[in-house]
Amino acid sequence: MNENNKLYHELMKAAIDARGRSYSPYSGFSVGAALLTKSGRIFTGANIENSGYTATVCAERIAFFRALSEGEREFSAIAIAGGAKEEPDSGVAPCGVCRQVMSEFCDGNFKIILLDGGLTVLTLGELLPMRFDRSNLIKK
Ligand code: THU
């Protein structure tokens, strides 16, 4: 196992752990995420639902906003685990809104690590091609 694999397994372990702290009584779908900063810190998140459904926030965005509000701006990878509560080992790909949030702060090489039997490592460029980002609004 190379260094990155070891790191990604560690990150996924943190995501699975965070999944256990999901508040998802309405969907029964629990998600955990673990975000790795370029400085080596890990920020976790779990989905938090609300009886007013639109107030629900995904695990990935909670991890991002926790890190961003602590001043972090550079990220290298996020691991995501999630699915129906009775399926502890299932995987889920990030929703479109979360991909857009990632795209604000991460380049196409940002790694997205999913559970799929083993670990599947994808990039933001693969999951969100032809994105709309700050370069469309701010020309320099
Ligand atoms: N969810 C996430 O937390 N992340 C995703 O990438 C997909 C969906 C949550 C939102 C909601 O609480 C539940 O999963 C079902 O949509």
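Keep in mind the model is a prediction, meaning the values are calculated, not measured.

1. Here's the deal with the environment of Tyr53
Here is step 1: Within the secondary structure layout, Tyr53 lies in the loop between strand 2 (42-46) and helix 2 (59-69).
Here is step 2: Distance in space between the C-alpha atoms of Tyr53 and Phe43 is 25 Å, their sequence separation being 10 residues.

2. Details of a nonpolar patch on the surface
Here is step 1: On the surface, a cluster of nonpolar side chains totalling about 450 Å² of accessible area is made up of Tyr23, Tyr26, Ile48 and Tyr53.
Here is step 2: With relative accessibility at 43%, the residue Tyr23 sits in the partly exposed group.

3. Observations regarding the packing of aromatic side chains
Here is step 1: Going through the model one piece at a time under the given rule, you end up with three aromatic pairs.
Here is step 2: Here the aromatic rings of Tyr26 and Tyr53 are separated by 5.8 Å at their centres, their planes lie at 45°, and the arrangement is tilted. Residue Tyr26 is located in the loop between helix 1 (3-19) and strand 1 (29-37), and its partner Tyr53 is located in the loop between strand 2 and helix 2; the two are separated by 27 residues in the primary sequence.
Here is step 3: Take Tyr26: its relative accessible area is 41%, and that puts it in the partly exposed class.
Here is step 4: Among the aromatic residues, those joined into a ring-pair cluster are Phe64, Phe75 and Phe110.

4. Observations regarding the pairing of strand 5 (residues 118-123)
Here is step 1: Pairing geometry for strand 4 (residues 111-116) and strand 5, over six bridges, is antiparallel. Note that in strand 5 the partner of Leu114 across the bridge is Thr120.

5. Quick word on the site of the ligand
Here is step 1: Residues in close proximity to the ligand include Ser27, Phe29, Val31, Asn47, Glu49, Thr56, Cys58, Ala59, Glu60, Ala93, Pro94 and Cys95, which together make up its full environment.
Here is step 2: Measuring from an oxygen atom of the ligand, one finds a side-chain N or O atom of Glu49 at 2.5 Å.
Here is step 3: Contacts to the ligand include Cys95, whose backbone N or O atom sits 3.2 Å from an oxygen atom.
Here is step 4: Protein chains bury 80% of the 370 Å² of accessible surface belonging to the ligand in isolation.

6. Details of the layout of surface pockets
Here is step 1: Quantified by volume, the largest pocket comes out at close to 160 Å³.
Here is step 2: Surrounding the largest pocket, Lys38, Arg73, Glu74, Phe75, Ser76, Phe105, Cys106, Asp107, Asn109, Phe110 and Lys111 form its lining.
Here is step 3: Classifying every residue of the lining of the largest pocket by side-chain character gives four nonpolar, two polar and five charged.

7. What about the sheet that holds strand 1?
Here is step 1: One open sheet accounts for five strands, arranged 2-1-3-4-5; its pairing is mixed. Across the chains shown, the open sheet's two edge strands, defined by having one partner strand only, are strand 2 and strand 5. For this sheet, the mean angle separating the axes of adjacent strands, direction not counted, is 20°.
Here is step 2: Two elements, strand 3 (residues 75-84) and strand 4, share four bridges in a ladder whose sense is parallel. Following the sheet pairing, Ala77 is matched in strand 4 by Lys111.
Here is step 3: Along the sheet, helix 1 contacts strand 1, strand 2, strand 3, strand 4 and strand 5; its crossing angle with strand 3, the most-contacted strand, is approximately 45°.
Here is step 4: Its contacts with the sheet place helix 2 against strand 1, strand 2 and strand 3, and it is angled at close to 140° to strand 2.

Parameters and conventions
- Residues numbered from 1 in each chain as written.
- Predicted model: local features only at pLDDT ≥ 70, side-chain atom pairs only at ≥ 80, totals over all residues.
- Heavy atoms only, no water.
- Helix = DSSP H or I, 4+ residues; strand = E, 2+ residues; numbered from the N terminus.
- Patch = residues over 30% accessible without salt bridge, like charges linked within 9 Å, V, L, I, M, F, W, Y side chains within 5 Å.
- Areas by Shrake-Rupley, 256 points an atom, 1.4 Å probe, with all protein chains shown as cover.
- Salt bridge = Lys/Arg side-chain N within 4 Å of Asp/Glu carboxyl O.
- Buried < 20%, exposed > 50% of the residue type's maximum accessible area, 1.4 Å probe, protein only.
- Phe/Tyr/Trp six-rings, centres within 6.5 Å; stacked < 30°, edge-to-face > 60°.
- Pairing = 2+ DSSP bridges.
- Near = heavy atom within 4 Å.
- Polar contact = N/O pair within 3.5 Å; in protein donor to acceptor, adjacent residues only side chain to side chain.
- 1 Å grid on protein atoms, 1.4 Å probe; cavity = no way out; pocket = protein on both sides within 12 Å on 5 of 7 lines; lining within 4 Å.
- Points joined across faces, edges and corners; volume = space filled by probe spheres on them.
- Nonpolar A, V, L, I, M, F, W, Y, C, P; charged D, E, K, R; others polar.
- Axes fitted to C-alpha atoms, helices over the stretch in contact; angles between N-to-C directions.
- Contact = heavy atoms within 4.5 Å.

By themselves, these are just geometric observations and shouldn't be taken as functional.
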